[in-house]
Amino acid sequence: MSTMTRKAPAGGRLVPARRRGLAARIWAERWSYVFLLPTVVLFGMYTIWPIVSGLYYSLLDWNGLGAERPFIGLANYREAFGDPLFWKSLGVTLLIIAVTVPLRVALSLLVALVLNNPRLPLAKLFRTALFVPVVTTTAIIGVVMGFIFDPAGGPVNQLLLDLGIVDQPVDFLGDPATSLWTVMGVHMWKWFGITLVYWLAALQTIPVTVYEAARTDGAGGWAALRYVTLPMLKPFLIIIALLTAIETMQIFDLVLTMTNGGPFFSTLTTEVYIYQQAFAGTTPRLGYGAALGVLFGVFTLVFAAIQAVGLRYANRVRSSS
Amino acid sequence: MNTALRRRRLGIWAQVAVLAVICVVWIYPLLWIVSASLKDSLGVFSGGLGLLPGSPHFENYARAWQDADFGLYTVNSVIVTLGTVVLVVLRCALAGYVIARREFIGKRVVVGVLVATLFAPGGLTIIPVVELSDLLGLLNSRTGIILALAGGGHVAAVLLYAGYFNRIPRELEEAAIMDGAGFLRTFFRVVLPLAGPVTATVSVMTFLAAWNNFLLPLVFTFSRPDLRTLSVGMLAFRGTNSTDWSGLAAAGTISLVPLLLVFLALQRYFVEGVAGAVKS
Amino acid sequence: MTVLGRRRFLGLSGAALAGVLGASGCSRTSQQEAVTTAGADVIRWWDHFQPLKPLYERMFAEYGKAHPGTRVEHVVYNPSEMGQALQLAFKSNQIADVHTVAGLGSSEAALVAGGWFSPLADPDAIRAKLPADSLLEGLHVFDGKLYTFPVFTPRQYTTLTWINRELVEKAGGDPDAGPATWDEFRALAARITKDGGGRAYGWIQGLQFQERMQTHVTELAMSAGAAFAIIPGAGEMGLVDPRTGDYPYASEPFVQALEFLLSLVRDKVVFPASTSLDARTARARWATGVAGMFFDGSWNIGVVNGQFKQFAGKVGVGPVPSPDGEPVLYGAPAQGQLFVSSKSRHVEAASELLARCTGPEFSRALAGYMDQVPLDLEAVATADVHPTYKRAVELFGRNVRLAPSPVSRNPAVTQVISEMKEQRPTLGEITQGILSGEITDIGKSLREHNGKLTAERERATRVVSGKGVRVSLDDWAFPNWKRGEDYTAEMYRQ
């Protein structure tokens, strides 16, 4: 309350907060509302409205084309719960997250620690090189990766054969047993740069004086890392992991160009399945796709909440012990 | 002391060597795209992984630039992207500022709704957006594309700004108010300039997303092919039964260059901006 | 100060929004004038025939000369993106005056019922220029009104055996005819692979593109004796045995076709990367000489000739391989390709443009692009085309019979189709599963799929007839159909 009184007037008169009515309080913050206006209007039009429409579509039996779109209540949702491919796609998406998110977060932290050294020559160049895949169009990445993982003479297979790790070329993208792992690898390659930038940013928040203090205390490189840097990075872990996980949940165009969800559903992520149902099938089913989208959104929300709570809890336990 | 120093220097160069190898492997696929853009269509597939084309075929670029109208599309892409960046920066900075600094009725609702929508999958939003834009007479115009690209989402940008503004000492604003500056003047003269790094970050991220967006500009330019952007223009290279791979690679390279330039120019601020924002 | 601030604010952000909304007014975009160039009438034309672009543009130029002041604006779409583009454009009244319907996944009948199209103006002029029997109720004619007409022939298929003459000849095969039987195909593929020593394989295919694989499996099943009545555009849901009207997927020819493909995989004669290729990339790799044989439609030579000219001299073609070397395939009635939109305000001009897409002269020009085969097969004989294209068309004429179509007898079956839900895994996905080893019991998976489709069709038929539409399962059977013969327009009336 007291803070409110303190900063209420921006050029207006000072009035004690407690005595003002609702209208007066709103009036006092009129500039705040004006500042929010563009976001509220635009966001309402282009984000909230589509979400509300999606909720409505999910109650229709509609192919997205005709004028005929009968209301069928929750039938789409009932069907979704009994749809094995939907569950399969959720499993695939979760597996991708469970594998790539920790790996990407950890590996990019490692690289960020190296790149953060101010005495490292060419750091800027390396940073750019690692970021370039992020800005490359996905459409053409599919073709390049076809060559890189080619079972007939592609470099990855050549290397594995030469090293004697395998004696038969591996059909990375075409074998249901390996395709998902390959897609995960390429996905990590493509988006590694973004996570790296997050970590570099986090590292910049640690003042140089902290290191100097550690050094005068006689801490070597490893000790400084173990007892100074890493503990200070801990709060960033939650936010970076969360950003990475959300972005991974919506893995879509890469899968579409590389495998189109196949072979035999092995790389069918939820977004790809929703797209196939809503737009691509012989008979597109926008209503059903919308219902899958709503369910997926709810799952994501729950998942993110669990993750955030879990990480926070883990942090608390660790710091208290 | 001397040996320790030497050892450390050796260590650094070892790191550089390892990183250099990693980076070469890392950007190899992209070099391949550039090299494919200089090969003929059979060469793209018969050359395997070699990077050097026998004799460079610059006509792929000529084809992309003239036949596929990439000159015009580049201009459109630049206009649409810049418009989107400006609008996003402005609206997100304004919103971020009041969320960080003001206590007003309804704030919790606003923040709650923003965060909740972070998790909404995006694939299906296109149909309502088109219906709405049609209703408002915004289809077939660059303005419509810009509003739709800038209007939806960008929650992360709002939160970045909010996080950053939270850390600016209140004294600065108070000093400005003492000097007689109003709410607006304080914001535009004092607060926003301080947020340079966040603005750089948001600009780069928005630039990326807007530049590469495909479906929205496609839908908004059905009746006006002269308003199409680069990403939509790439359509021209993919037909029913065939794809002009070398032309597509050339087009991909053309559209990659501005993105790289923007990143190179802003990368220092970019990292600082994320740093400033995640800190809170 | 506040006054100044307020004004500034308006200048900065309010105007950006209010100005835009105000300036464009609150009139629907779709109600505004669609004419983009002052003074000239613009007819907008969207299709998905990338290779035919010059053909149409020449036609538009001629039309422009005959009608000064009218201009045709032509946009070519990628078929996979076109469906969504059409949906959104139709919904927002931005759709072109003339367009194709690729990727929409809806039958002509459903689209006509949905109010998408205008009947063509001056239908008699168009009828006069088309071969008799090429127009069918339910596909081109609705309620007696002509909406569209076929441009391509129904006598074609997608599983021609395209061969690399050099590799086939070296392996002792006939570079002019190609392998005729499944056994010959298999043996030849094995020899090419052996000769290739890891650098060339017997067969390459875009196995990742499961819709196309579905087509190949269906056509191979026909080469093994399966026969179909076909609802064009309905995919596997529109394919039934003409005698009984039942789904055919559990029948022996399908099992045999899949076993044939599987034997190629087991023999290790398949180009290894095939599993991750689509049709386009598979063709491009084939053109680099890494594999001897490749299944594709007549357009293959057109694309090779246009994009990989160096390779065109090495290309040969043979018929779809079959168990006994004498394949008989059944082609669905040719669908109409081009439609005039109901939203068009240039119906007459658009119809006149469409009329120019008929007749032998157009067919000959069309053949020149070596894409899909024109309606008039004889036009190809006199056209200046690659010899393999002529041979492909000859093979089509010899091997393909016209299949009956339930739509032409009762257009309401398309309502059943659109009520039906896709049964996944589809035949194409099952094929992918079998070839990748995920599915081991071929017969069982086909029987299950056939059962699911049958049950779904019964359900959909109940729903549709429950709405008072006269439709039944009998609409799918053709008692007067004869194996090995064309089902003519005449026969529908019997």
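Owing to the predicted nature of the structure, the values given are computational and were not obtained by experimental measurement.

Visitor: Whenever I open this one, the overall build of chain C confuses me. Can you help?
Guide: Within chain C, the regular secondary structure consists of 20 helices and 14 strands. The globule rule puts the C-alpha radius of gyration for 494 residues at 23 Å, and the 25 Å found for chain C is close to it. The principal-axis extent of the C-alpha atoms belonging to chain C is close to 85 × 55 × 55 Å. Evaluated residue by residue, chain C yields a buried proportion of 55% over its 494 residues. Restricting to contacts in chain C with at least 6 residues of sequence separation, those with at least 24 account for 76%.

Visitor: Would you take a moment to explain the overall build of chain A for this structure?
Guide: When helices and strands are tallied, chain A shows 14 helices and zero strands. Buried residues in chain A amount to 43% of all 321 residues. Here the contacts in chain A between residues at least 6 apart in sequence split such that 64% fall between residues at least 24 apart.

Visitor: Before we go on, may I ask you to explain the domain arrangement of chain C in this structure?
Guide: How big an interface is tends to be stated in terms of the accessible area lost upon association of its parts. All names here are of chain C. Here chain C is partitioned into domain 1 (41-149 + 335-374) and domain 2 (160-331 + 405-492). For domain 1 and domain 2, the distance between their C-alpha centroids amounts to 28 Å. Taken together, the contacts link 16 residues of domain 1 with 17 residues of domain 2.

Visitor: What am I meant to see in the interface of chain A and chain B here?
Guide: Opposite the 73 residues of chain A that make contact, chain B presents 68 residues. When residues of the side of chain A that touches chain B are assigned to their parent elements, the largest contribution, 17 residues, is made by helix α3 (residues 30-57) of chain A. Residue classes in the side of chain A that touches chain B are distributed as 49 nonpolar, 19 polar and five charged.

Visitor: It is not clear to me how the sheet that holds strand β7 (residues 201-204) of chain C should be interpreted in this structure. Could you clarify?
Guide: Hydrogen bonding along the main chain pairs the strands of a sheet, whether they run parallel or antiparallel. Residues and elements named next belong to chain C. The strand order across the open sheet built from four strands is β7-β10-β6-β11, with neighbouring strands paired in mixed fashion. Only two strands of the sheet have a single partner each, and these edge strands are β7 and β11 (315-318). Sheet twist, expressed as the average angle between the axes of neighbouring strands with direction ignored, equals 25 degrees. Pairing between strand β6 (residues 160-164) and β11: four bridges, direction antiparallel. Residue T161 lies in a different strand from β11, and its bridge partner there is G318. The strands touched by helix α15 (residues 387-399) are β6 and β11; relative to β11, the strand with the most contacts, the crossing angle is about 5 degrees.

Visitor: Before we go on, may I ask you to explain the pairing of strand β1 (residues 41-47) of chain C in this structure?
Guide: Within a regular beta strand, the side chains point alternately toward one face of the sheet and then the other, so they alternate between its two faces. Residues and elements named next belong to chain C. Counted residue by residue, β1 has five buried out of seven residues, so it is predominantly covered. The sheet contact formed by β1 and strand β2 (residues 70-76) spans seven bridges and is parallel. Across the sheet, D47 pairs through a bridge with V76, a residue of β2. The parallel pair β1 and β2 is bridged by helix α2 (residues 53-66), and the resulting crossover is right-handed.

Visitor: Would you mind showing me how to read unusual backbone geometry here?
Guide: Backbone geometry follows two general trends: most residues other than glycine have a negative phi, and most peptide bonds adopt the trans configuration. At the junction of R424 of chain C and P425 of chain C, the peptide bond is cis and its omega measures out at 0 degrees in the coordinates. Structurally, P425 of chain C is set in the loop between α17 (413-419) and α18 (427-435). Not every positive phi belongs to a glycine, and F264 of chain A is a case in point at roughly 50 degrees. Within the secondary structure, F264 of chain A sits in the loop between α12 (253-258) and α13 (270-280). Classification of F264 of chain A as buried rests on a count of 22 C-beta atoms within 10 Å. Although it is not a glycine, N140 of chain B sits at a positive phi angle of roughly 60 degrees. Tracing the sequence through the fold places N140 of chain B in the loop between α6 (126-135) and α7 (142-151). For N140 of chain B, a count of 24 C-beta atoms within 10 Å corresponds to the buried category.

Visitor: Is there a simple way to think about helix α10 (residues 279-287) of chain C in this case?
Guide: Three or four residues apart is the spacing at which side chains of an α-helix point the same way, because the helix has 3.6 residues per turn. Residue and element names in this part refer to chain C. Most of α10 is tucked away: nine of the nine residues are buried. Residues of α10 that are buried include every one of A279, R280, T281, A282, R283, A284, R285, W286 and A287, and no others. One or two residues past the end of α10 sits G289, with phi positive at roughly 85 degrees.

Visitor: When you look at the environment of I246 of chain A in this model, what are you seeing that I'm missing?
Guide: All names here are of chain A. Relative to the assigned elements, I246 resides in helix α11 (residues 221-249). Its 18 C-beta neighbours within 10 Å are what place I246 among the partly exposed residues. Sequence separation between I246 and T300 is 54 residues; the distance between their C-alpha atoms is 7.8 Å.

Visitor: Please explain the UniProt feature "transmembrane region" (unreviewed entry) in chain A as it appears in this structure.
Guide: Residue and element names in this part refer to chain A. Here the UniProt-annotated "transmembrane region" (unreviewed entry) positions come out as residues 33-52, 92-116, 128-149, 191-214, 235-256 and 288-311. End C-alpha to end C-alpha, residues 191-214 measures 34 Å, and it is 88% helix and 0% strand. Strand forms 0% of residues 235-256 and helix 86%; the C-alpha atoms that close the span are 35 Å apart.

Visitor: Explain the confidence of the model for chain A here, please?
Guide: When pLDDT is low, close inspection of the predicted coordinates is not appropriate. Per-residue confidence for chain A averages 81 on the pLDDT scale, and 89% of its residues sit at or above 70. Within the model, pLDDT remains below 50 along residues 1-15 of chain A, and this stretch shows 21 contacts once partners closer than five positions in the same chain are excluded.

Visitor: I tried to follow the packing of helix α9 (residues 252-266) of chain C against α18 of chain C on my own but got confused; where do I start?
Guide: A pair of packed helices is characterised by two quantities: the angle between their axes and the separation of those axes. Residues and elements named next belong to chain C. Two numbers describe how α9 lies on α18: the axes approach to 10 Å, and their chain directions differ by 35 degrees. The handedness of the crossing between α9 and α18 comes out as right-handed. Of α18, the residues touching α9 (which contributes L258, L261, L262 and V265) are T431, I434 and L435. Across the contact of α9 with α18, the residue classes tally to six nonpolar, one polar and no charged.

Visitor: What should I look at first to understand the confidence of the model for chain C in this one?
Guide: Residues and elements named next belong to chain C. Here chain C shows a mean pLDDT of 87. Residues at 70 or above account for 92%. Between residues 1-27, whose pLDDT stays under 50, and residues either more than four places distant or in other chains, the model counts 33 contacts. Within the model, pLDDT remains below 50 along residues 31-39, and this stretch shows eight contacts once partners closer than five positions in the same chain are excluded. Across the interface, the model reports ipTM at 0.80; the global pTM reads 0.84.

Visitor: Would you mind going over α6 of chain B with me for this structure?
Guide: Turning to α6 of chain B, its buried residues are I127, V129, V130, S133 and D134 of chain B. Relative to the axis of α6 of chain B, the buried residues are bounded by an arc of 160 degrees and lie together on one face. Where α6 of chain B is buried, its residues meet α3 of chain A, α7 and α12 (215-220) of chain B together with α3 (79-91) of chain C. Positive phi shows up at G137 of chain B, right after α6 of chain B, with a value of about 70 degrees.

Visitor: I tried to follow the nonpolar core on my own but got confused; where do I start?
Guide: The tendency in soluble globular proteins is for nonpolar side chains to be buried as a group. Ranked by internal contacts, the top residues of the largest apolar core, which has 301 residues, are V158 and Y161 of chain B together with Y201, W203 and A291 of chain C. Residue contacts for A291 of chain C: discarding those within four places in its chain leaves A200, Y201, G202, W203, I204, F271 and W286 of chain C.

Visitor: Please explain the sheet that holds strand β3 (residues 98-99) of chain C as it appears in this structure.
Guide: Residue and element names in this part refer to chain C. On the basis of which strands lie adjacent, the open sheet formed by four strands has the order β2-β1-β3-β13 and mixed pairing. On the outer flanks of this sheet lie β2 and β13 (339-340), each paired with one strand and no other. Pairing of β3 with β13 involves two bridges; the strand directions are antiparallel. Residue H99 lies in a different strand from β13, and its bridge partner there is F339.

Visitor: Help me out: how do you make sense of the environment of G206 of chain C in this one?
Guide: All names here are of chain C. Residue placement: G206 occurs in the loop between β7 and α8 (210-223). Overall, the presence of 24 C-beta atoms within 10 Å leaves G206 in the buried class. It is 42 Å that separates the C-alpha atoms of G206 and K467, two residues lying 261 residues apart in sequence. Contacts of G206, omitting those with residues within four sequence positions, involve R212, L277, D278, A279, T281 and A282.

Conventions adopted
- Residues numbered from 1 in each chain as written.
- Chains lettered and ligands numbered in written order.
- Predicted model: local features only at pLDDT ≥ 70, side-chain atom pairs only at ≥ 80, totals over all residues.
- Helix = DSSP H or I, 4+ residues; strand = E, 2+ residues; numbered from the N terminus.
- Rg over C-alpha atoms; globule rule 2.2 N^0.38 Å.
- Buried ≥ 20, exposed ≤ 12 C-beta atoms within 10 Å, placed from the backbone.
- Contact = placed C-beta atoms within 7 Å.
- Domains from an automatic or database assignment.
- Nonpolar A, V, L, I, M, F, W, Y, C, P; charged D, E, K, R; others polar.
- Pairing = 2+ DSSP bridges.
- Axes fitted to C-alpha atoms, helices over the stretch in contact; angles between N-to-C directions.
- Right-handed = clockwise from strand over helix to strand, strands pointing away.
- UniProt positions renumbered as here; feature names shortened; annotations may be inferred.
- pLDDT = per-residue confidence, 0-100.
- Left-handed = near helix turned anticlockwise from the far one by under 90°.
- Arc of directions from axis to C-beta.
- Core = buried A, V, L, I, M, F, W, Y, C linked by C-beta atoms within 7 Å.

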